[in-house]
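# Topology and contacts: notes
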Amino acid sequence: MSRFLSSRFSSLAAYVPGEQPQDRQYVKLNTNESPFPPSPEVLAAVNAAEAERLNLYPDPECTRLRKKLAALYQVEEDNIFLSNGSDEILNFAFMAFCDKSRPVAFPAISYGFYPVFAQLHQLPYTPIPLREDFTIAVEDYRNIRHNIVLANPNAPTGLALSRAEIEEILRANPDHVVLIDEAYVDFGAESCVPLIGRYENLLVCQTFSKSRSMAGARLGFAIAGAPLIADLNRIKYATNPYNINRLTLAAGEAAVDSNGYYMANCRTIMENRAYTVDRLSKLGFETLPSQANFIFTRCPKLSGGALYAALKERGVLVRHWDKPEISDYLRITIGSREQMDILLEQIQEILKEV
């Protein structure tokens, strides 16, 4: 830390992304990326002709992509907000809707960026503990006089609330924004997008990173009532109106046009998830019932840290946290069947040594 850093940030604990080591070739199951390439339509859209236009600014209103997303999700164009990854939506939402008189609450075990954004903007925040079984207790979020942020499915657990349960939270907090982070919703959970027209305090956030194979493109979107979208645009135009580059916009439009390709990939990942959970169960693992493209699992014979290290040594990357409540668990991305078989083979070898 330099002596020039503002004292406002001297105690800021930054978000730590999943490992991206370059020392060898790994089976990467640690950052919830898709094992599938973008659709052929996306590859065709990101072409030399489009690259030749990089001398020109992209459309700040993202008009064509907003129109396509509005049609796909059966909402109006002014219900759609585009961003440089869904993390930017989260950042803008914390900026737009929270302050010292409007604190924010989120699960104590969830996406690690939530407390980082709260600290970055010096906001009062309340981490709400999960139940012992790692589920979110709806009653903990009733009438709490906070804005609320919920990842659904939650990360790293993969557990999801039903749409009806989230509707309970919306009804109980009509004067506060409820942001539902649906980064993983396409892998089996219920989306809250159909509730947009009924709750003016609902903000749904999604991403192209997981189900649409575009983690490297950085593209996210929010769906909400027009007034909330206008608030996000106010922050965007006060920050960076050209926040999505021309090539990413082209890729996003093509991805929406080829939505069937991606939904078929999601079904394959769900099949691979069930296969992996079944195989791990036969090895004695305990796995939470995930509705995401990852699982949260533990092996009673070996600590989470020890298993993580042994897998890394054998060329397989998974995610481990040393928080006491979850240190026994690993979060494992669901990849291709080949990747999952390599993971399972290495786990079997490790357990033989134990």
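Scroll up to find the structure.
Scope of this entry: the structure provided in the associated data block. Model, not experiment: these values are computed from the prediction.

## Re the sheet that holds strand β10 (residues 294–298)
Either a parallel or an antiparallel arrangement is found when strands of a sheet pair, and the pairing is made through backbone hydrogen bonds. With antiparallel pairing, the three strands of this open sheet are ordered in space as β9-β10-β12. Edge positions in the sheet fall to β9 (286–287) and β12 (329–333), since each of these pairs with one other strand and no more. Direction of pairing for β10 relative to β12: antiparallel, over a ladder of five bridges. Paired with Phe296 across the bridge in β12 is Arg331.

## Quick look at the pairing of strand β5 (residues 147–151)
Burial of β5 is extensive: five of the five residues sit out of reach of the surface. As paired strands, strand β3 (residues 104–107) and β5 are joined by two bridges and run parallel to one another. Directly across from Ala105, in β5, lies its bridge partner Ile148. As defined by bridge partners, β5 adjoins strand β6 (residues 178–181) across four bridges and the pair is classed as parallel. Looking across to β6, one finds that Val149 is bridged to Leu179. Following the chain from β5 across helix α6 (residues 163–172) to the adjacent parallel β6, one finds a crossover that is right-handed.

## Here we look at the pattern of salt bridges
Within this structure, the stated rule accounts for 16 salt bridges. In this structure, Glu77 and Lys67 form a salt bridge, with 3.1 Å as the shortest nitrogen-oxygen distance. Here Glu77 is found in the loop between α3 (63–73) and β2 (80–83), whereas its partner Lys67 is found in helix α3, with ten residues between them in sequence. Owing to a relative accessible area of 28%, Glu77 belongs among the partly exposed residues under this scheme. A salt bridge links Glu349 to Lys352, with the shortest nitrogen-to-oxygen separation between them at 3.4 Å. You can see Glu349 and its partner Lys352 sitting in helix α11 (residues 337–353), three residues apart, about one turn around the helix. Judged by relative accessible area, Glu349 falls into the partly exposed class, the value being 35%. On the basis of relative accessibility, which here comes to 64%, the residue Lys352 falls in the exposed class. Via salt bridges that share partners, Glu167, Arg171 and Arg198 belong to a single interconnected network.

## Considerations on the environment of Val354
Within the secondary structure layout, Val354 lies in the segment after α11. You can call Val354 exposed: its relative accessible area is 56%. Note: C-alpha distance between Val354 and Ala306 (48 residues apart in sequence) is 11 Å. Not counting residues up to four positions away in its chain, the partners in contact with Val354 are Lys301 and Leu302.

## Concerning the sheet that holds strand β7 (residues 202–207)
Strand order in the open sheet formed by seven strands is β2-β8-β7-β6-β5-β3-β4, with mixed pairing between adjacent strands. Both edges of this open sheet fall to β2 and β4 (125–128), since each of them pairs with a single strand only. With direction set aside, neighbouring strand axes in the sheet form an average angle of 20 degrees. Sheet topology note: the β3/β4 ladder contains four bridges and is parallel. Counted as the bridge partner of Pro107 is Ile128 from β4. Along the sheet, helix α4 (residues 86–97) contacts β2, β3, β5, β6, β7 and β8 (220–224); its crossing angle with β7, the most-contacted strand, is approximately 155 degrees.

The rules behind each value
- Position numbers for residues start from 1 in each chain and track the written sequence from start to end.
- Predicted model: local features are reported for residues with pLDDT of at least 70 only, side-chain atom pairs are reported and counted for 80 or more only, and whole-chain, interface and lining totals are derived from all residues.
- Neither water nor hydrogens contribute to the side-chain values; these are computed over all heavy atoms in the structure.
- Should DSSP find at least two bridges between two strands, the strands are taken to pair.
- The secondary structure listing takes helices from DSSP runs of H or I that are at least 4 residues long and strands from runs of E that are at least 2 residues long, numbered from the N terminus.
- Classification of residues uses two cut-offs on accessible area relative to the type maximum, computed with a 1.4 Å probe and protein chains only: under 20% is buried, over 50% is exposed, and between them is partly exposed.
- With its strands directed away from the observer, a crossover is right-handed exactly when the path from the first strand over the helix to the second travels clockwise.
- Whenever a carboxyl oxygen of Asp or Glu lies within 4 Å of a side-chain nitrogen of Lys or Arg, that contact is scored as a salt bridge.
- Working rule for contacts: check all heavy atoms of both residues, and any pair within 4.5 Å makes them a contact.
- Helix axes are fitted only over the stretch in contact, all axes being lines through C-alpha atoms; the angle between N-to-C directions runs from 0 to 180 degrees.

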